[in-house]
Every structure is written in structure tokens, then in C-alpha cells.
Amino acid sequence: MIQKNINASVIFHAIKLSETWKKNGEAITRQYGITVQQWFILLLLASDPNIIYLQDKPQEKPLLAKELAEALNVTRANITNLLNVLMRKKLIVQVTDAEDRRRKRLTLSPAGSRLVQRIEGVRNEFNDRLLSRFSKTEKEGFIIFVKACLQSMTK
């Protein structure tokens, strides 16, 4: 028989929290004709300073597809499909790397920048409402806890 275990409970709570946030994100992004993964790509290309990947790996140049795949933890094939959709929607564009012309970097198009700005207001309003009952200290403690978990998982 499986026994109650605080460690397992923490994991299941984190999974439920993540799933619920994703579902809420989908409710927001659906209104703008994109998916949560597509939105995350747009945020990466907009250099959102809140994204862990960009905090860990600051970028001086626009991102490559392989870097986006790493940030989203998806395969190259998956990221290629996502990028193709965003390019068809004219939200991102490829630019040739100045130092290696074989490499294609990705940037937001003007339409992509406008979309990020429109969604940003909705995102901030939602996040403010969602997290208003927690103190800054509680939020910072949560970030420390998550960082420690991620660090122990990558060792």
C-alpha cells in the first residue's frame, strides 16, 4: 500500500500548479490566436527578463532555433513546427547571423512585438490578481524553493 509522503505530495502539488497555470495561459493566448508554447517563444524573443532560461543564459544576439528548443525543453522537430506557424502568422522573422551566414537567428516582427505588448497587459493584470494575496517575501521564498528544486534535479 502506498503511504502518504510529503515529498510525493510536493511533486503532485507542483504538477497541479503547473497544469493550472498552463490552462489559464491557454485561456489568455487563445483569444489572440496562439498557443502557450507560441507565446513563450514570443516572450523569449522579446527578451522577457523573468524567464529562467534568459536569466541563466543571457543573450547578446537573437536566439537560434536550437536555443528556443532548449528553453522550451522540446525537440528540434517540435520547435521547427512551432516556428513555422509563427512565421506563417508573420509574428517572427529569420535573420542571417552576421558572423556565420549559415545560421538563422529569430526575432519578433513588428506584428509580433505588438502582440506581445497587447498580451503583456492581460498577463500582468492576471498575475497581479492571482498573486495579490501573497507577500513579496512569500513570492521570493517560492522562487528560491523552485530554483533549489531545479538545481537538485539537474545534478
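Everything quoted here is computed from the prediction, not taken from an experiment.

Asker: Where do I start with the overall build of the protein chain in this structure?
Answerer: Along the protein chain, the regular secondary structure elements total seven helices and three strands. Structurally, the protein chain occupies a C-alpha span of about 55 × 35 × 30 Å along its principal axes. Taking all 155 residues of the protein chain together, the buried fraction comes to 27%. Counting every atom, the protein chain has about 11,200 Å² of accessible surface; 57% of that belongs to carbon and sulfur.

Asker: Is there a simple way to explain the pairing of strand β3 (residues 104-108) in this structure?
Answerer: Residues in a regular strand project their side chains so that they alternate between the two faces of the sheet. Most of β3 sits out of view: four of its five residues are buried. Strand direction decides the pairing type here: strand β1 (residues 63-64) and β3, joined by two bridges, are antiparallel. Each bridged residue has a counterpart across the sheet, and for L64 the counterpart in β3 is R105. Sheet analysis places strand β2 (residues 92-96) next to β3, joined by five bridges and oriented antiparallel. Paired with V93 across the bridge in β3 is T107.

Asker: Explanation requested: the packing of aromatic side chains in the structure shown.
Answerer: Within a pair of aromatic rings, the relevant descriptors are the distance that separates the centres and the angle that separates the planes. Summed over the entire model, instances satisfying the criterion amount to one aromatic pair. Taken together, a centroid distance of 6.4 Å and an interplanar angle of 80° make the contact between W21 and F142 edge-to-face. Residue W21 is found in helix α1 (residues 6-30), and its partner F142 is found in helix α7 (residues 136-153); the two are separated by 121 residues along the sequence. The partly exposed category is assigned to F142, whose relative accessible area is 38%.

Asker: Can you help me understand the sheet that holds β3 in this one?
Answerer: Strands pair in a sheet through their backbones, by hydrogen bonds, and they do so in one of two ways: parallel or antiparallel. In space, the three strands of this open sheet follow the order β1-β3-β2, with antiparallel pairing throughout. Because the sheet does not close on itself, it has two edges, and the strands there are β1 and β2. The strands touched by helix α2 (residues 36-45) within the sheet are β1, β2 and β3, with β3 carrying the most contacts at an inclination of about 95°.

Asker: When you look at the packing of α2 against helix α4 (residues 65-72) in this model, what are you seeing that I'm missing?
Answerer: To characterise two packed helices, one gives the angle between the axes of the helices and the distance between these axes. Look at α2 against α4: their axes get within 11 Å of each other, and the N-to-C directions meet at 120°. Relative to α4, α2 is oriented oblique. Considering how the two elements wind past one another, α2 and α4 form a crossing that is right-handed. In this structure, α2 uses Q37, F40, I41, L44 and L45 to contact α4, whose residues at the interface are L68, A71 and L72. Here the residues of the contact of α2 with α4 sort into seven nonpolar, one polar and no charged.

The rules we used
Residues numbered from 1 in each chain as written. Predicted model: local features only at pLDDT ≥ 70, side-chain atom pairs only at ≥ 80, totals over all residues. Heavy atoms only, no water. Helix = DSSP H or I, 4+ residues; strand = E, 2+ residues; numbered from the N terminus. Buried < 20%, exposed > 50% of the residue type's maximum accessible area, 1.4 Å probe, protein only. Areas by Shrake-Rupley, 256 points an atom, 1.4 Å probe, with all protein chains shown as cover. Pairing = 2+ DSSP bridges. Phe/Tyr/Trp six-rings, centres within 6.5 Å; stacked < 30°, edge-to-face > 60°. Contact = heavy atoms within 4.5 Å. Axes fitted to C-alpha atoms, helices over the stretch in contact; angles between N-to-C directions. Parallel < 35°, antiparallel > 145°, perpendicular 65-115°, else oblique. Left-handed = near helix turned anticlockwise from the far one by under 90°. Nonpolar A, V, L, I, M, F, W, Y, C, P; charged D, E, K, R; others polar.

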